[in-house]
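Observations on chain architecture
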Amino acid sequence: MTTAPHRVDVHQHIVPPFYRGLLAKAGIADAGGRALPDWSPEAALELMDLLGTATAIVSVSTPGTSFLTDPGEAATLARQLNDFSASLTAEHPGRFGYFATLPMPDTAASAAEAVRALDELGADGVTLLANNQGTYLGTDGQDELWRTLDERSAVVFVHPAELPAPAVDGIPPFAADFLLDTTRAAYLLVRNGVVRRYPNIRFILSHAGGFVPYASHRMAVAIAGDTGRSPLDVLDDFRGFYFDTALSSSPAALPTLLAFARPGHVLFGSDWPFAPTPAGQYFTVGLDTEVAPGTLQAVNRANAEALFPLLAAIPTPTSTRPAPVRLRQDAQRAAARLLFKLVQPGTD
């Protein structure tokens, strides 16, 4: 695992104290079946140094503002989260950027907050949950938001939420349902023509797009049969998405993603702190050991620089960690490399 801080992590989350407090007040102690993790800027920076990450573009994970049934309260919370994220970015120049939270499914309020976050606060893009209170991205009634984002050539980070159905006992939503949730949103964005009508929006799909790369041809045939479009055109739309590698750079998943995605459309992601540090290390080792150096450099940074041009102007930070911390992190990296080798399946 590289120690030079050069990666750009497009899938890292924040859990501000006031947000955690509101979730607790609403009786919410987990997200996707995983307990809300501890978070602080200092812990984030330590993880970034461990993984060799120069800059993290942070976002708020599920449930975002969707646990609030009052639209005004949801809009207020989105503003608070975006003000917090803007302050975090200002306090740590070059280390953090952020995707703004929008109070979906209220598209008018979301469009207004997108304007404020992108035009006034300098957000790097916006984050949208695949479904908000059961309403999926790509369904009717969202054009005001898409127009606003298209006019600004915005980057939209699509993150899964819990499915609008009861979870299955024994299957935590983050383990399987999240992948389906992202896939559903991608399907509707393509099937209903959103990605064609608003070509300036750049969509990033979390976790390698869920099932999109693996099931893309099957979905293309279904959409073609439903709409009369050419399957090749539908596949072209699916390949137009960007994909992050969070929890997905394994020897099984990564080759499928790289074979399917357009060149330049795969970005590094860790999913910290919801994905704990050992998981982040495991999949980062998978990325470092399973792809060629040129592809690795592109996934780690070059592709993100093309999507976020301001990153290219940020000086690469140097580690200021004390020697004992650096030694401990070196030991953690060595252990992660060994673990990755030990758990790979055999060839028999």
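Residues numbered from 1 in each chain as written. Predicted model: local features only at pLDDT ≥ 70, side-chain atom pairs only at ≥ 80, totals over all residues. Heavy atoms only, no water.

1. Side note on the overall build of the chain
- What the chain contains, in helices and strands, is 13 helices and 12 strands.
- For the chain, whose C-alpha radius of gyration is 19 Å, the value lies close to the compact-globule estimate of 20 Å for 348 residues.
- Look at the contacts in the chain between residues 6 or more apart in sequence, and 79% of them connect residues 24 or more apart.
- Surface accessibility of the chain: about 14,600 Å² in total, with carbon and sulfur atoms responsible for 57%.
- Averaging the coordinates of the 25 positive side-chain charges in the chain and doing the same for the 35 negative ones gives two points 5 Å apart. (Helix = DSSP H or I, 4+ residues; strand = E, 2+ residues; numbered from the N terminus. Rg over C-alpha atoms; globule rule 2.2 N^0.38 Å. Contact = heavy atoms within 4.5 Å. Areas by Shrake-Rupley, 256 points an atom, 1.4 Å probe, with all protein chains shown as cover. Lys, Arg positive; Asp, Glu negative; His and termini not counted. Charge placed at Lys NZ, Arg CZ, Asp CG, Glu CD.)

2. Brief notes about the packing of helix H4 (residues 107–121) against helix H5 (residues 143–151)
- It is the contact of H4 with H5, at a shortest axis distance of 8 Å, that shows an interaxial angle of 15°. Between H4 and H5, the angle falls in the class roughly parallel. Two packed elements cross with a definite hand, and for H4 against H5 that hand is right-handed. Contacts between H4 and H5 involve Thr-107, Ala-108, Ser-110, Ala-111, Ala-114, Val-115 and Leu-118 on the former and, on the latter, Glu-144, Leu-145, Thr-148 and Leu-149.
- For the contact of H4 with H5, the residue count by class is seven nonpolar, three polar and one charged. (Axes fitted to C-alpha atoms, helices over the stretch in contact; angles between N-to-C directions. Parallel < 35°, antiparallel > 145°, perpendicular 65-115°, else oblique. Left-handed = near helix turned anticlockwise from the far one by under 90°. Nonpolar A, V, L, I, M, F, W, Y, C, P; charged D, E, K, R; others polar.)

3. A look at the environment of Gly-264
- Topologically, Gly-264 is positioned in the loop between helix H10 (253–260) and strand S12 (266–267).
- Classification of Gly-264 as partly exposed rests on a relative accessible area of 30%.
- With near-sequence residues (within four places) excluded, Gly-264 lies in contact with Tyr-242 and Asn-303. (Buried < 20%, exposed > 50% of the residue type's maximum accessible area, 1.4 Å probe, protein only.)

4. Concerning the pattern of salt bridges
- Throughout the structure, instances matching the rule amount to 13 salt bridges.
- Among the salt bridges present, the one from Arg-95 reaches Asp-49, with a minimum N-O distance of 3.4 Å. On the criterion of sequence distance, the pair formed by Arg-95 in the loop between helix H3 (71–91) and strand S5 (96–101) and Asp-49 in helix H2 (residues 41–51) is long-range, its members being 46 residues apart.
- On the accessibility criterion, Arg-95 (14% relative accessible area) is buried. (Salt bridge = Lys/Arg side-chain N within 4 Å of Asp/Glu carboxyl O.)

5. Quick notes on the packing of aromatic side chains
- Inspection of the entire model under this criterion finds 10 aromatic pairs.
- Seen in terms of ring centroids, Phe-99 and Phe-157 are 5.2 Å apart; in terms of plane orientation they differ by 10°. Their pairing is stacked. Residue Phe-99 is found in strand S5, and its partner Phe-157 is found in strand S9 (residues 155–159); the two are separated by 58 residues along the sequence.
- Both rings, one in Tyr-282 and one in Phe-283, keep their centres 5.1 Å apart while their planes meet at 85°; by these two values the pair is edge-to-face.
- The ring of Phe-174 carries Arg-34 above its face, with NZ or CZ at 4.2 Å from the centroid. (Phe/Tyr/Trp six-rings, centres within 6.5 Å; stacked < 30°, edge-to-face > 60°. Lys NZ or Arg CZ within 6 Å of the ring centre and 35° of its normal.)

6. Side note on the nonpolar core
- Grouped together as the largest cluster of nonpolar side chains are 77 residues, with contacts concentrated most on Val-126, Leu-128, Trp-146, Leu-149, Phe-203, Phe-238 and Phe-241.
- The residues touching Leu-149, leaving out its near neighbours within four places in the chain, are Ala-114, Leu-118, Val-126, Ala-154, Val-156 and Ile-201.
- Membership of the second largest hydrophobic core comes to 13 residues, among which are Val-8, Val-155, Tyr-242 and Leu-307. (Core = buried A, V, L, I, M, F, W, Y, C linked by side-chain atoms within 4.5 Å.)

7. Remarks on helix H6 (residues 177–191)
- For H6, which comprises 15 residues, the first-to-last C-alpha distance of 21 Å matches the rise-based estimate of 21 Å (1.5 Å per residue) to within 8%.
- Listed in full, the buried residues belonging to H6 are Asp-177, Phe-178, Asp-181, Thr-182, Thr-183, Ala-185, Ala-186, Leu-189 and Val-190.
- Gly-193 occupies a position one or two residues after H6 and carries a positive phi of about 80°. (Expected span 1.5 Å × (residues − 1).)

8. Focus: the sheet that holds strand S10 (residues 202–205)
- Read across the open sheet, the eight strands follow the order S1-S4-S5-S6-S9-S10-S11-S12; overall the sheet is parallel. In this open sheet, the two strands that pair with only one neighbour each are strand S1 (7–13) and S12.
- As paired strands, S1 and strand S4 (residues 53–59) are joined by five bridges and run parallel to one another. Its bridge partner being in S4, Val-8 is matched across the sheet by Thr-55.
- Contacts from H4 reach S5 and strand S6 (125–129) within the one sheet, and its direction differs from that of S5 by about 160°. (Pairing = 2+ DSSP bridges.)

9. So, helix H9 (residues 231–239)
- Buried within H9 we find Val-234, Leu-235, Asp-237 and Phe-238. Around the axis of H9, the buried residues are gathered within 155° of arc, so they sit on the same side.
- Contact partners of the buried residues in H9: H6, helix H7 (194–197), helix H8 (212–227), strand S11 (242–244) and H10. (Arc of directions from axis to C-beta.)

10. Focus on the packing of H6 against H8
- Running from N to C, H6 and H8 cross one another at 40°; their axes reach a closest spacing of 11 Å. As the angle between them shows, H6 and H8 are arranged oblique. Classified by chirality, the crossing of H8 by H6 is right-handed. Facing H6, whose interface residues are Thr-183, Ala-186, Tyr-187, Val-190 and Arg-191, H8 presents Val-212, Met-219, Ala-222, Ile-223, Asp-226 and Thr-227.
- When grouped by side-chain class, the residues that make up the contact of H6 with H8 number seven nonpolar, two polar and two charged.

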